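A look at the structure
Spelled out, the chains give:
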2 protein chains.
Amino acid sequence: METIVSELLERSAGRPAGCGVERTLKVLDGKWTTLIVRELLTGPKRFGEIRSALSSPSAKTLTDRLRALEHQGILTRTVYAEVPPRVVYELTEQGHSLSGILHAMLVWGEQHPDAGG
Amino acid sequence: METIVSELLERSAGRPAGCGVERTLKVLDGKWTTLIVRELLTGPKRFGEIRSALSSPSAKTLTDRLRALEHQGILTRTVYAEVPPRVVYELTEQGHSLSGILHAMLVWGEQHPDAGG
DNA sequence: CCGTATCCCGGAGGATACTG
DNA sequence: CAGTATCCTCCGGGATACGG
């Protein structure tokens, strides 16, 4: 663990504070983004599936976040021309590469049940 | 990597979506919180040091975030009764335990220089 | 130096109604 | 079903001025 801290020190000394960290924060931004990625880590999902898996964010908000993630190359959007329409969101390789962060967050959250109070 | 994904699946199936993840998000909330933790991972720092290390958030905002983290047990606040006053913030053990997440974010950000565009 | 006290604004995100 | 179009609310966070 001390290794990690010193690596953090070493890697970020003399550069704009947390350059790498800030870039990640720019991607995992907003109230829902991280949770969307989390849902898609377990496989591709439809718009409605994501919406109900989370605590039903408004359609507008969910659309906004999904579009942002799409433009950032985190996920892909596939429209199936059916009736009724079906739209599937799937993580790109870059999106999947966020799993280490999500996993760390999951573990921390579980090990600190009283946090956030 | 596939191990991580399936562990995520396994650990969170049938429970409120991303329970652990959500708890972490509640702690690392807001525009500055994560960066504050990052600064303190390299050692205790004074109010002014934190402020100038980041891109000078307003005093009000920084105070708000520091107080929140203090109440959540992430850091401690020590006032030295000197003139001029000196106030030092230091991560608790719980605060230090966030280093794994920060480290993952740093690495990801560095490996994806074009992200967040 | 390290705040607190006010005031204020932008924009994320919700509510509602409507469409292909 | 999966959006789009509007309108509106809320509050995180900045600016400024002042206090211990």
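Everything quoted here is computed from the prediction, not taken from an experiment.

Residues and elements named next belong to chain A. The omega torsion of the bond from valine 83 to proline 84 falls at 0 degrees, within 30 degrees of zero and hence cis. Mapped onto the elements, proline 84 comes out in the loop between strand 2 (75-80) and strand 3 (86-91). For serine 56, which is not glycine, the phi dihedral falls at a positive 45 degrees. With respect to the helices and strands, the residue serine 56 is situated in the loop between helix 4 (47-53) and helix 5 (59-71).

Our focus in this paragraph is the interface of chain B and chain A. Counting residues at the interface gives 48 residues for chain B and 48 residues for chain A. Regarding the contact of chain B and chain A, the summed buried area is about 4,700 Å², with carbon and sulfur atoms giving 68% of it. Where chain B packs against chain A, one counts zero salt bridges. Counting across the interface, chain B meets chain A through ten residue pairs in polar contact (both at pLDDT 80 or more). Looking at the side of chain B that touches chain A, the elements with two or more residues in it are helix 1 (2-12), helix 2 (19-27), helix 3 (33-41) and helix 7 (99-111) of chain B. Element by element, the count of residues in the side of chain B that touches chain A is highest for helix 7 of chain B, at twelve residues. Residues belonging to the side of chain B that touches chain A are distributed by class as follows: 23 nonpolar, 15 polar and ten charged.

In the neighbourhood of DNA strand C, 19 residues make up the surrounding shell, with Lys31 and Thr61 of chain A together with Thr63, Arg77 and Tyr89 of chain B lying closest. Near the protein, within 4 Å, the atoms of DNA strand C are sugar or phosphate in 71% of cases. Glycine 48 of chain B is positioned such that a nitrogen or oxygen atom in its backbone is 3.2 Å from a phosphate oxygen of DNA strand C. Where the surface near DNA strand C is concerned, the elements lending two or more residues are helix 5 of chain A together with helix 4 (47-53), helix 5 (59-71) and strand 3 (86-91) of chain B. In terms of residue class, the surface near DNA strand C is built from seven nonpolar, five polar and seven charged.

All right, on to the packing of aromatic side chains then. Scanning the entire structure with this criterion turns up zero aromatic pairs over all chains. The positively charged end of arginine 86 of chain A is found above the aromatic ring belonging to tyrosine 80 of chain A, 4.1 Å away from the centroid.

So, about helix 2 of chain B. Among all positions in helix 2 of chain B, only Gly20, Val21, Thr24, Leu25 and Val27 of chain B are buried. Buried positions in helix 2 of chain B, seen along its axis, are confined to an arc of 155 degrees and lie on one side of it. In this fold, the buried residues of helix 2 of chain B make contact with helix 3 (33-41) and helix 7 (99-111) of chain A together with helix 3, helix 5 and helix 7 of chain B.

This part covers the protein's contact with DNA strand D. Inspection of the region around DNA strand D gives 19 residues, with Arg46, Arg77 and Tyr89 of chain A together with Lys31 and Thr61 of chain B positioned closest. Taking all atoms of DNA strand D within 4 Å of the protein, the share assigned to sugar and phosphate is 74%. Within the side chain of serine 58 of chain B, a nitrogen or oxygen atom sits 3.4 Å from a phosphate oxygen of DNA strand D. At a separation of 2.9 Å, a phosphate oxygen of DNA strand D approaches a polar side-chain atom of threonine 61 of chain B. Those elements giving two or more residues to the surface near DNA strand D turn out to be helix 4, helix 5 and strand 3 of chain A together with helix 5 of chain B. In the surface near DNA strand D, the residues fall into seven nonpolar, five polar and seven charged.

Quick look at the sheet that holds strand 3 of chain B now. All names here are of chain B. Spatial ordering of the open sheet is given by 1-3-2, a layout of three strands whose pairing is antiparallel. This sheet does not close on itself; its edge strands, each paired only once, are strand 1 (45-46) and strand 2 (75-80). Both strand 2 and strand 3 contribute to a ladder of six bridges, which runs antiparallel. Counted as the bridge partner of valine 79 is valine 87 from strand 3.

This part covers the layout of surface pockets. All names here are of chain A. The computed volume of the largest pocket comes to approximately 680 Å³. Counting residues per element, the lining of the largest pocket draws most heavily on helix 2 (residues 19-27), which supplies three residues. The residue makeup of the lining of the largest pocket, split by class, is 15 nonpolar, six polar and seven charged.

Bringing the nonpolar core into the picture now. Ile36 of chain A together with Ile36 of chain B are the most contacted members of the largest nonpolar core, which totals 57 residues. Leaving out residues up to four positions away in the same chain, isoleucine 36 of chain B has contacts with Ile50, Leu54, Leu62, Arg65, Leu66, Leu69 and Leu75 of chain B.

Scoring rules and cut-offs
Residues numbered from 1 in each chain as written. Chains lettered and ligands numbered in written order. Predicted model: local features only at pLDDT ≥ 70, side-chain atom pairs only at ≥ 80, totals over all residues. Heavy atoms only, no water. Helix = DSSP H or I, 4+ residues; strand = E, 2+ residues; numbered from the N terminus. Contact = heavy atoms within 4.5 Å. Buried area = accessible area lost by both parts, 1.4 Å probe. Salt bridge = Lys/Arg side-chain N within 4 Å of Asp/Glu carboxyl O. Polar contact = N/O pair within 3.5 Å; in protein donor to acceptor, adjacent residues only side chain to side chain. Nonpolar A, V, L, I, M, F, W, Y, C, P; charged D, E, K, R; others polar. Near = heavy atom within 4 Å. Phe/Tyr/Trp six-rings, centres within 6.5 Å; stacked < 30°, edge-to-face > 60°. Lys NZ or Arg CZ within 6 Å of the ring centre and 35° of its normal. Buried < 20%, exposed > 50% of the residue type's maximum accessible area, 1.4 Å probe, protein only. Arc of directions from axis to C-beta. Pairing = 2+ DSSP bridges. 1 Å grid on protein atoms, 1.4 Å probe; cavity = no way out; pocket = protein on both sides within 12 Å on 5 of 7 lines; lining within 4 Å. Points joined across faces, edges and corners; volume = space filled by probe spheres on them. Core = buried A, V, L, I, M, F, W, Y, C linked by side-chain atoms within 4.5 Å.

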